[in-house]
Amino acid sequence: MTTVDVMLPHYGRLDLVRATIRSVLAQDDPNWRLTVLDDTGESADDALADWCAGLDDKRVHYQLNPRNLGINRNFQQCVDRVEHELAVIIGNDDLMLPGYIGTVRRAHAAHPEAAIIQPGVEVVGADGAPARSLVDLGKRWVYAPRVSGATVLAGQELAVSLLRGNWLYFPSICWRSEPLRRTGFREGVDVVQDLALVLDLVLDGESLLVEPTTCFRYRRHDASVSSAHAADGRRFAEERTFFLETADRMAARGWPRAARAARRHLSSRINALTRLPAAARHGGLGGVRALARHAFGA
C-alpha cells in the first residue's frame, strides 16, 4: 500500500497551520503520514507541539528545529526525512481538499514513471475566499498546457513551457520520493527553489503528470516569501541570476528553445513590471531600480 509522506515546513501563523493540518486529517484516503518541521527555533513556544500531541494520531509527527534553518534548508530537511514512496511538501497555510491523497495515489498507480504530479488547484486569498489574481490568470490561460485528462509531459517541451511561465503550484505537487531525494533543493536558492528543483529533474530525464482533478486549495497572500522579497527587488535579483544560469544549462544540453525561453524570462519580467508602482510607494529607490533592471535589462 503506497503511503504519502506529507511534509509541512512551518514558520508562520498558528491558526493557518492548524487549518492545514486539519485538512490532512480530513482526507478520505488514510494512507498518509504527516511530519511538521517547525523552524521558529529558539523563539518557538509549546502551542503547536502541544496541539499536535493533543490530536492523538500516530500518523502526525512534530519536530522543532533547535535553531532557525531558513526556508531553503528547512525544505531540504523535509526531503531528507521522506521515508515513503510519495511525498508532498505542503505550505503551512495551504489546504488539501478531502480527495487529495486518493487522487495523487491513483495518479501514481496509473503513471508510476512520473516523478512529479501536478493536480488541479483552487486559489484562495488570505480570508479563504476564492481569489483571482493576474498571476493566476496567466498561469491558467497563458502558460499552463491545455489538457482534457491526465497528461504526461517531459523533455525540452516541458522545460520551454515552465521557462515561459511557471504554471505549477509547488505546495500541491506530489513527488516520487526517489528522484526527489536524489536531486533535492539547491542550497542558497529561496524564491525560485521550486522551479529550480523541477527543472533539475526535467534535465535528469524525469517527467511530470498533469492530473486535472481539483483537490487542493492554494492560498495566495502578501505575506509569502516571494511577495515579501518583491517590493525591494531581492526576488528578481535571484530570478535574473537563475534564468541566465539556466539558459546556459539548457544550451549545453542541446535544447535551444528552452535556452531562449530562459534568457527572455518574459513572465518574470512582466511580473517585475507590475510591481514597480508598489516598489515606488514602499520599497524605495533601490527597489525601483532593481525591478526596472530586471524588467527592461538585456
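As shown above, the structure is provided for reference.
Model, not experiment: these values are computed from the prediction.

Criteria and thresholds
- Residues numbered from 1 in each chain as written.
- Predicted model: local features only at pLDDT ≥ 70, side-chain atom pairs only at ≥ 80, totals over all residues.
- Heavy atoms only, no water.
- 1 Å grid on protein atoms, 1.4 Å probe; cavity = no way out; pocket = protein on both sides within 12 Å on 5 of 7 lines; lining within 4 Å.
- Points joined across faces, edges and corners; volume = space filled by probe spheres on them.
- Nonpolar A, V, L, I, M, F, W, Y, C, P; charged D, E, K, R; others polar.
- Core = buried A, V, L, I, M, F, W, Y, C linked by side-chain atoms within 4.5 Å.
- Buried < 20%, exposed > 50% of the residue type's maximum accessible area, 1.4 Å probe, protein only.
- Helix = DSSP H or I, 4+ residues; strand = E, 2+ residues; numbered from the N terminus.
- Domains from an automatic or database assignment.
- Contact = heavy atoms within 4.5 Å.
- Axes fitted to C-alpha atoms, helices over the stretch in contact; angles between N-to-C directions.
- Parallel < 35°, antiparallel > 145°, perpendicular 65-115°, else oblique.
- Left-handed = near helix turned anticlockwise from the far one by under 90°.

A closer look at empty space enclosed by the protein
Picture a little ball the size of a water molecule; that probe, rolled over the atoms, points out where space is still empty.
No. 1: Evaluated as defined, the whole model comprises one cavity of 30 Å³ or more.
No. 2: For the largest cavity, the calculated volume is near 30 Å³.
No. 3: Along the walls of the largest cavity sit Asn166, Leu168, Phe170, Ile173, Asp194, Leu195 and Val198, which together make up its complete lining.
No. 4: Residues that form the lining of the largest cavity fall into these classes: five nonpolar, one polar and one charged.

Things to note about the nonpolar core
No. 1: With 46 residues, the main nonpolar core has Trp167, Trp175 and Met250 as its most contacted residues.
No. 2: Ranked by residues supplied to this core, first place goes to helix α8 (residues 193-203) with eight residues.
No. 3: Residues lining this core come from more than one domain, with at least three contributed by each of domain 1 (4-226) and domain 2 (231-296).
No. 4: Beyond its immediate chain neighbours, meaning those up to four positions away, Trp175 contacts Glu85, Leu86, Ala87, Val88, Ala115, Ile116, Phe170, Leu180, Leu197, Val198 and Leu201.
No. 5: Counting residues in hydrophobic clusters, the runner-up holds 31 residues, among them Val24, Leu48, Leu86 and Ile90.

Section: unusual backbone geometry
No. 1: Although it is not a glycine, Asp56 adopts a positive phi angle of roughly 55 degrees.
No. 2: By secondary structure assignment, the location of Asp56 is in the loop between α2 (47-54) and β3 (60-64).

Focus on the packing of helix α1 (residues 14-25) against α2
No. 1: At a minimum axis separation of 11 Å, α1 and α2 run at an interaxial angle of 20 degrees. Taken together, the axes of α1 and α2 are roughly parallel relative to one another. Remark: the crossing between α1 and α2 carries right-handed chirality. Contacts between α1 and α2 involve Leu14, Val17, Arg18, Ile21 and Arg22 from the former and Ala47, Leu48, Trp51 and Cys52 from the latter.
No. 2: Of the residues assigned to the contact of α1 with α2, the class counts are seven nonpolar, no polar and two charged.

Comments concerning the environment of Gly165
No. 1: With respect to the secondary-structure elements, Gly165 resides in the loop between α6 (155-164) and β8 (174-176).
No. 2: Residue classification places Gly165 among the buried positions, given a relative accessible area of 1%.
No. 3: The sequence separation of Gly165 and Tyr143 amounts to 22 residues, and the corresponding C-alpha distance is 5.5 Å.
No. 4: In contact with Gly165, not counting residues within four places along its chain, are Tyr143 and Ser267.

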